[in-house]
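Letter by letter, the chains look like this.
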Amino acid sequence: MAAPDATIDIGSAAHADYARAARRNRFLGVTKGVSAYLVLTVFALIATVPFVYLLSPSLRHSYVLFTYPPQWIPENLYWGNFRTVLHETSYLRWGLNTLIFATSVTLITLVIDTLAGYAFARLRFPGRTVLFALVISTLMIPTAAVVAPLYIIVSHMPGWTHAGVNTYLGMILPMVCAPLGVFMMRQFMSSVPEALVEAARLDGASELQIFRKIVLPLMKPAIVVLGIFTFMMQWVNFLWPLVITTTDHMKTLTVGIASLQGQFVTDWGVISAAAVMTMGPVIIIFLIFQRWFVQASMAGALKQ
Amino acid sequence: MTAAATEVAWDELKLSPEDYSRASARYRRRRSRAGYLFLLPYFIPFLAFLVVPVFWSIYLSFNKDGLLAPARFVGFENWREISADSELTDSIKTTAQYAVEAIFLVFVLALLLALLLNRYRKGSNIFKLALYVPLLAPAVLVGLVWQFVANYDFGLFNLILTNLGISRVNFFGNGTYALLLIVLAEVWRGLGFWTLYFLASLQNVPEELLDAARVDGAKGFRRFRRVTIPILRPMLLFAVVIAIIANFQVFDTVYVLTSGGPYQSTSTLVWFIWKRLFQFQQTGQGFAAAVLLLGIILFLTALSFWLLGTRRRQERAL
């Protein structure tokens, strides 16, 4: 790699040794590089191939699945599985429910978490440390430990007894209080220079004005990160929607797809068609906003 | 308003010490009020949907019913019942076994991939994207994909086995294989996340230290063991903590892939809780197990923070 050392005469035995060593080194380097890329390629394929693999049965009659040798590329495309998903299940309704659920949780979370984060980071009031410690201490509480009382609370929400089950409000509200967002927002807001906030205060701005006009514009990247993170957490959420929805048309995609398994026991064509319809849009959205996704999932390292 | 008043007072220097302290007290009160008002929108759902349910779970673990019928206080009966229930101990053992296997496998693979991606950066973006894709899928969907891959009649695994001349395996009929499927499904889903996490950590390892080690003649693996690992240790420990906590709650994949079977061999702790609460109507036992899960997780969290703390104290002492 480096130029031969000045003290080695070209053509000498030492130089030949050096050249041989350099060649061997280069050869080793190339071999290592090739095997490294080979390993990476194998794992990249393992990660992505199952999704491509799903495409094939979704475009075939289910009985073709059982032929041997397997027919990877369908001879003629069969769209009936997608039609079945659209007409015989509430797939579109589940998609809509998921969108409403995840979007609402995300929006509410963003509002209340930025407010609370600002209070913890930049406002002084008695009990601040204790309250923050309370929030932090709930970071690790597993959903499974609170899911049944949540069901009780939602189904008995004052005034509308048992009305909370199978409603959007009942689904959304209990999911907005994940403590991680507050923690994240406090960390981010601590980076806003104190002097900036103090200057605005001296100019007579109210705390709400400071928050809206000065802090929020600086927090845009953090808000996007928390937003994507929250949305993704709810998009894959299964346990809570499973518990709180009992009717077919209130299910989210995760609960709905899981229920397909019972409904279309062996009809893998239909199940894989539903899976393709679910993953397709997500992968496209991901490819467009990939940079933000990666950041968001790193921010979520604290949560599971 | 107050700002204007202060300005005037400042100019005329008329403010007596009492006035001054009264004004500052008013200012502090106003600032505190702002603080509480900012917290309120979060704290209402936080108390109602997180703090209260925790204590409610604890309370209901001493009751029978409570979910669909009114609660009846029974003292420690539920706790006695579940402590004598071999299904619960088996669930905890299964969960622990699953967690150890899944975490070990995913960490080894992710660390390897992160090291490769860190060393060979040309074109690494495409690999990162590919590894990230399974993370976008809900665990339920991942379960379905694996259900498909491991299917007896047409699954990819059995296809490979048949081509190798080995007889087919019914992965879902054998407890060991079924648990392994769940491990593999979760490893597959988590690999991208942990790879990116370790990659981000690796990029924090100062290049100069590695160069210094190189100059001192440390070869690849020793450099990794003696320089990279010690620097990564806090991040590794933190990762282990998060991974244990997350994996102790495995449920979605179990629900879709095996439903706890065959013969309860893949029944994890959350699966046990879910069944007692919502399927068998043995809610008291379900609540007791839920509180137990909470206890285990809090204990593990506390333990690991304590370990992290000791390590840091030791390092400071050095």
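This one's a predicted model, so the numbers in the text were calculated from it and none came from an experiment.

With 74 residues of chain B in contact, the opposing surface of chain A contributes 73 residues. The element contributing the most residues to the side of chain B that touches chain A is helix α2 (residues 17-60) of chain B, with 19 residues. In terms of residue class, the side of chain B that touches chain A is built from 63 nonpolar, seven polar and four charged.

Along its sequence, chain B is organised into domain 1 (2-60) and domain 2 (81-317). Each of domain 1 of chain B and domain 2 of chain B has a C-alpha centre, and the two are 44 Å apart.

A few words now on unusual backbone geometry. Residue and element names in this part refer to chain B. The backbone phi angle of Ser 259 is positive, close to 50°, even though this residue is not glycine. Mapped onto the elements of the fold, Ser 259 is located in the loop between α11 (252-257) and α12 (269-279). We classify Ser 259 as partly exposed; it has 15 C-beta atoms within 10 Å. At Gln 281, a position not held by glycine, the phi torsion is positive, near 60°. With respect to the helices and strands, the residue Gln 281 is situated in the loop between α12 and α13 (283-317). On the neighbour-count criterion, Gln 281 (13 C-beta atoms within 10 Å) is partly exposed.

Residue and element names in this part refer to chain B. Topologically, Asn 158 is positioned in helix α7 (residues 156-163). The exposure class of Asn 158 is buried, given the 20 C-beta atoms found within 10 Å. As for Asn 158 and Phe 171, which are separated by 13 residues in sequence, their C-alpha atoms are 9.2 Å apart. Apart from the residues lying within four places of it in its own chain, the contact partners of Asn 158 are Tyr 152, Arg 168 and Val 169.

Thresholds, definitions, all that
Residues numbered from 1 in each chain as written. Chains lettered and ligands numbered in written order. Predicted model: local features only at pLDDT ≥ 70, side-chain atom pairs only at ≥ 80, totals over all residues. Contact = placed C-beta atoms within 7 Å. Helix = DSSP H or I, 4+ residues; strand = E, 2+ residues; numbered from the N terminus. Nonpolar A, V, L, I, M, F, W, Y, C, P; charged D, E, K, R; others polar. Domains from an automatic or database assignment. Buried ≥ 20, exposed ≤ 12 C-beta atoms within 10 Å, placed from the backbone.

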